[in-house]
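Coordinate inspection notes
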Amino acid sequence: MNAIVLTVSKQGEQNYSVCFLSAELGIFYATLYGGAKSKKRALVQPFNSGLLYLYTDNAHHLRKITDFDVRSMHPSLRTNLYKMWAANLASEIVLKTKGAGDYENAFALLSAFLDGIDASEEPEARLGTLRFLWRYLGLLGVQPDPLLCSSCAQPLSSGVYAGGANGFICPDCAPSEPETAHATFSLDAPSLSYLNAINTARPGAVRRLTLSADSAYRIKQLVFYLIEQAAGCRLKSLESGMGIL
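Residues numbered from 1 in each chain as written. Predicted model: local features only at pLDDT ≥ 70, side-chain atom pairs only at ≥ 80, totals over all residues. Heavy atoms only, no water.

**Topic: helix α7 (residues 213–231)**
Between its first and last C-alpha, α7 extends 27 Å over 19 residues, near the 27 Å set by a 1.5 Å rise per residue. Residues S215, A216, I219, K220, L222, V223, F224, L226, I227, E228 and A231 constitute the buried set of α7. Where α7 terminates, the next one or two residues include G232, which has phi positive at roughly 75°. (Helix = DSSP H or I, 4+ residues; strand = E, 2+ residues; numbered from the N terminus. Expected span 1.5 Å × (residues − 1). Buried < 20%, exposed > 50% of the residue type's maximum accessible area, 1.4 Å probe, protein only.)

Okay, here's the thing in structure tokens:
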């Protein structure tokens, strides 16, 4: 089966517990036997993806990695600090949300994201992270509508995301005083247009769109907030890597 390595952790003296994501089995763990210098250990690295071969012993609830034919090694995710943290964030989100209950699409999204940022320069990788998070919010079913006001259903030219309304509201419906109990995020017209394009345009066309630094920052603040709300907890990757991400 095709699988992506999410995490690798030491298990005993010589072995490792490896967490994978696949479209068929979802999120699962398998044991890698052998020391750090073994050939398979060199292949089974976080964010590597390829064809995984397993031995399964149902009686003892054991999965053993017999081989891993790596198709994508994503080398820049180990040399570029931003890409490394972005990949960690994506993997943590998939783990915390259990693949949004849709392993096939979660696998497709994560695979495309890792391939995309590995092949991109850092500025494009940063926009790629925003696109991944926005699409993943859609997979979770909590993506707010960037086209219509959640209060009056009129088209948005600009809007404020109001946590209390769980959606964008237009300037006419926005309260005169800012909310204190719920987070609010103001998005301009280019930001809303970009989010809508992620949903409706082909990925290649979206990658060619430009976005100002201010609009990108507005979207980043919003999607970081929404993804933590959806996960139901603070994300370690965001807390530790905030100055990087």
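**Quick look at the pattern of salt bridges**
For the structure on display, the rule yields six salt bridges. The closest approach of N and O atoms between E92 and K96, which form a salt bridge, is 3.2 Å. Pair noted here: E92 and K96 are both in helix α2 (residues 81–96), with a separation of four residues, about one helical turn. With a closest N to O distance of 2.5 Å, E124 and R131 form a salt bridge. (Salt bridge = Lys/Arg side-chain N within 4 Å of Asp/Glu carboxyl O.)

**Thoughts on the environment of E24**
Tracing the sequence through the fold places E24 in the loop between β2 (15–22) and β3 (26–32). Overall, the relative accessible area of 55% leaves E24 in the exposed class. Taking C-alpha positions, E24 is 26 Å from R202, a pair spaced 178 residues apart along the chain. Ignoring any residue separated from it by four or fewer positions in sequence, one finds E24 in contact with M1 and N2. (Contact = heavy atoms within 4.5 Å.)

**Remarks on unusual backbone geometry**
Within the chain, F47 stands out as a residue other than glycine whose phi angle is a positive 80°. Although it is not a glycine, A153 adopts a positive phi angle of roughly 65°. With a relative accessible area of 48%, A153 lands in the partly exposed category.

**Topic: the packing of aromatic side chains**
Tallied over the full model, the rule gives six aromatic pairs. Ring geometry for F20 against F68: centres 6.0 Å apart, planes inclined by 75°, an arrangement best described as edge-to-face. Here the residue F20 occupies a position in strand β2, and F68 occupies one in strand β5 (residues 62–72), the gap between them amounting to 48 residues. For the pair F20 and F68, a shared accessibility class is recorded, and that class is buried. (Phe/Tyr/Trp six-rings, centres within 6.5 Å; stacked < 30°, edge-to-face > 60°.)

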